[in-house]
Structure formats: structure tokens, C-alpha cells
Amino acid sequence: MAEDREVARAGFARRHGWFLAILAAGTALRVITMLGYRPALWFPDSYTYVVTVMRPRPDLVRPAGYSMFMKLLEPLHSFGAVTAAQHLLGLATGVLVYWVAVRRARRWIATLAAVPVLVEPYQIQLEHLLVSDTLFMFLVVAAVALALSGRPRAVTVGLLLAAASLTRTVGQPLIVLLAAWFVLRRQVRPAWIMLVAALVPILAYGGWFYATYQRAGIVGANGVFLYARTMSFADCARMNPPADLKALCDPRPADRRPPSQEYIWAKDAPIVALPGITFTEETDDLAMRFALLAIRTQPLDYAGSVLAELGRSFLWGRPVYPDQEIYDYYQFPETPPGPPGRYPARVGTEFAKLYEQGPIGTSIVEPYAGWMRGYQDVARLPGTVLLAVLLVPPIVSGRRRLRYGASGGSGPALWILPWSVAVVLLVTPAAAAEFDYRYVLPAVPLACLAAALSCGKDKEFTRDIPRDVQV
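Please read these numbers as outputs of a predicted model, since none were measured by experiment.

**Brief notes about the packing of aromatic side chains**
The description of an aromatic ring pair uses the distance of the two centres, along with the angle that the planes make with each other.
Piece 1. Counted according to the given criterion, the structure contains 20 aromatic pairs.
Piece 2. Taken together, a centroid distance of 4.0 Å and an interplanar angle of 10° make the contact between Phe-19 and Tyr-98 stacked. Taken together, the residues Phe-19 in helix H2 (residues 17-36) and Tyr-98 in helix H5 (residues 79-102) connect sequence positions 79 residues apart. Across the pair, Tyr-98 and Phe-19 agree in class, each one buried.
Piece 3. An angle of 75° between the planes, with centres 6.0 Å apart, marks the rings of Tyr-327 and Tyr-437 as edge-to-face. On the criterion of sequence distance, the pair formed by Tyr-327 in helix H17 (residues 324-329) and Tyr-437 in helix H22 (residues 437-440) is long-range, its members being 110 residues apart.
Piece 4. We classify Tyr-327 as buried; its relative accessible area is 13%.

**Points about the state of the cysteines**
Piece 1. A full pass over the atoms with the stated rule returns 1 disulfide.
Piece 2. Two residues, Cys-236 and Cys-249, share a disulfide whose sulfurs are 1.9 Å apart. Handedness of the Cys-236-Cys-249 disulfide follows from its S-S torsion of about -100°: it is left-handed. One end of the pair, Cys-236, is in helix H13 (residues 236-239); the other, Cys-249, is in the loop between H13 and helix H14 (262-265), with 13 residues separating them in the sequence.
Piece 3. In this structure Cys-236 comes out as buried when scored by relative accessible area, which is 19%.
Piece 4. With no disulfide of its own, Cys-455 lies 11 Å from the sulfur of Cys-448, the closest cysteine sulfur.
Piece 5. With relative accessibility at 32%, the residue Cys-455 sits in the partly exposed group.

**Describing helix H9 (residues 154-165)**
Piece 1. Given a rise of 1.5 Å per residue, 12 residues ought to cover 16 Å, and the 16 Å separating the end C-alpha atoms of H9 matches this to within 8%.
Piece 2. Buried residues along H9 sit in contact with helix H8 (133-148), helix H10 (172-184) and helix H11 (188-213).

**Focus on helix H23 (residues 444-454)**
Piece 1. Along H23, 11 of the 11 residues are buried, which leaves the element largely enclosed by surrounding structure.
Piece 2. Residues of H23 that are buried: Val-444, Pro-445, Leu-446, Ala-447, Cys-448, Leu-449, Ala-450, Ala-451, Ala-452, Leu-453 and Ser-454.

Conventions and cut-offs
Residues numbered from 1 in each chain as written. Predicted model: local features only at pLDDT ≥ 70, side-chain atom pairs only at ≥ 80, totals over all residues. Heavy atoms only, no water. Phe/Tyr/Trp six-rings, centres within 6.5 Å; stacked < 30°, edge-to-face > 60°. Helix = DSSP H or I, 4+ residues; strand = E, 2+ residues; numbered from the N terminus. Buried < 20%, exposed > 50% of the residue type's maximum accessible area, 1.4 Å probe, protein only. Disulfide = S-S within 2.5 Å. Expected span 1.5 Å × (residues − 1). Contact = heavy atoms within 4.5 Å.

Okay, structure coming up:
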């Protein structure tokens, strides 16, 4: 028996050797990162997440899913444990991509699909930041992987999407998207079950939010963020807003205005100058009215601004955006970052010390940190390559249709689901907030998975999924 197991392991290693080598490399890079930057890297949002951990209540700007993830690890009193868990989630995401892809495509194609999430330095750096994106990415990829499996479990898919939506609100459109996927695959009952499983936790969280703020929703900043998005083009001379909205106008020409985020956080922003905190219900409603008026009045300008923001995802280079401070947070630093500048983040430092039960600064240890800085200088996935990856599935599918005609399956090709999810993840921030480099990374493994599935063998590409779906 022992010999049989040894033979089986050896055979598995031979069949999946290239993937296992890439997985080992990704693991080594993460170990080096943890040795070089102890215990974690901080982002301005990190401190507000910690506040919610130590004082559990819904936040007006961000849902509490990531804070609850950190709460689970609180007994360890180590932000190093949080980053270790996030690195494991990054590795698990790569495994999921390979697991789905290798069932329908050649092993070398499946391995290529997993490479970016496993060894891309900006992905690894993001996992070491105390932000929600790595958890969100894993939850979404896991939901998509289960939906693509031969016997998808609708309840589990729904719960994963609920957790993703309560980690980042951009996950909410994905619930509708995956429900439509089940319907198109002629799996109507699982679609309804998935919807219920996803909506129950979200509605429960919404009840908690309402009990706290007497406001409907799961966050209270949608209007403010959409207002900031429209300020890249909003022209009050054309909009002719009512008197109560004029206070939100910016007289500067559009080409002389700062990035959208400055209209939320800068002290001289029109909305910040209003009485009270920025995210009161009255202010958020006012901002939403302004934003919708701007979109209705200038729809082409809005579409152009969304395309311009989206286009930043596909640049070959990596220009500084939205400003040098935020840009630097996505680089492995040479010196320990300074204390946070914004007031909410400064408040969170005391809570962070309670979580860690000790100092919370980042220690930079050489030569490990230098190795990761050097690696980040020479290796990355350019945005133009991501665009090419996104174009692979429709091009390959189009060529197959021209050559063989329409497939005989009972629904859309398998690549359409991860491809659609990747597109939604790229477009939604550009439409509702603004472009940010870290918002691009969760879409990458899904885009790569879609490309791998589209390159699968014809008979595997058109194979129907069994309808006796487990729920």
C-alpha cells in the first residue's frame, strides 16, 4: 500500500510538475516577503478596518467583511498572522485557477493561467497589505470555480458571493451575474437557491446597518463616491443645478481638477466643506442627486470619463496615479512607512496596538526586503498584457464558430463566466469611484482562467454540465 501511494504521488508530480514548480516559487516569494517586511504593510484604509475589529459596528464607507476576517485571527494578536493568512489565500487562488483550467485545457495552458496570481510581485505585495482585496479575490474566484465545477453547490456559491459583497461592495453585481449564468445554463432552481443564500446574509447585515444608523443599505457612501467620479467632467453651467446642489460645484475647468478621490478626502473639497461629517445621510443623498444630474445632463462625458479610467488598467507602463502617496503604498518600501496622516487612520492606530498587544510599526529586514524590491523592479504583468488576455476568449471563440459553427451545448461557453466577472470587476470601480491599481488585481486570475478555458479542447469546450446540481 505504501509503495502504491508513493507511485501515485510520483505520477501526480510528473503530470503537474510545472504547476508545482510555479507554486513552490510563489510560496518562496511569499516567505521572503514575510521575512523582509515584518509583520505587515499598512495602507490608510487598514486602520479603519482595525477600528471595526475592536469596536464592532458597521462602517459608513466600507462593509465589515474584512474586519470580521481579521476578528477571527484576533486571538493570535499578530498582524503577521493576518498577512500569512492572506498569502495562503493568494496561493489557494492560484490552485483554484489551475484546478478548474486543467480539467478542460492542456496542463501547460492551465499552468500559465495560474502564473500571474502566484508569482506577480504586485499581487504578493497586495497580499502583504492590510486591505480587503486579497480576501475578496479569493472569495470571488472560489465562487466562480464552484459554479464551473461539474456539480456546483448553489448554497455555497451564494454564501461565497455574500461574503465577497460584505468585503467589497463591488461584489454585489456578481450575485446577479452568477444567477444569470445558472439560468442560461438551464439551472433555474439552483439560480434561485443561490440568490437566497447570497441575499440572506446581506439583508441581515443591512438590518445591523439600519439598527446602527437608521439608514437602508450596507454602506452610506455610494452617493459621495459617485459624486467624486462625476467631478472629472461635471459642468455646473450646463447642469444648471438647483440652489442646494450648487455648493458641490467646482468652478475649475475639468482638465485642471484633481483626481476623483480628492473630492472625498481633501480638506478643501466642496463636499467636505459642508456642515457635519462627509457621510451623513443628508450629505450622501445630496451627492447622489448631484451625480445623477451630472450623468443625465452629460451622458457622453460620463461615458468618456469611465472609458478613460478603465483605460488606465491596460497601459503598458505603470504611471503614478492617483498621486505619489497612494502609488508608493503599492511598492515594497525601502524605509518603514510613516504614521498615517488622515484623522480616521490616526484614530485607528490605538486600536491596532490593542489588536497586536504591542507596537505596530513595520520592520524592514535585509537582504530579504531588497530581494523583493529588486524582483518588483523587473517583473510584473503589464496592463497591455491583461488586455491581450481578455481578448483571447472572444477571438478564439469567434474563430471556432467560423470554423465549426455554433456549439451544441445547452448554454454559454464556460469561459464566459470568469470573463464576465473579470470585466465587471474592472468596469465597476471606473464607473462608480475611480481607477486604482489594487482594484485591477482581483480581475487578473479570472481573466487568465477565461483565456485557459477558451483554449480547451473542442470536445471539452462544448461539453454540457450535468443538470442534477447539488444544492
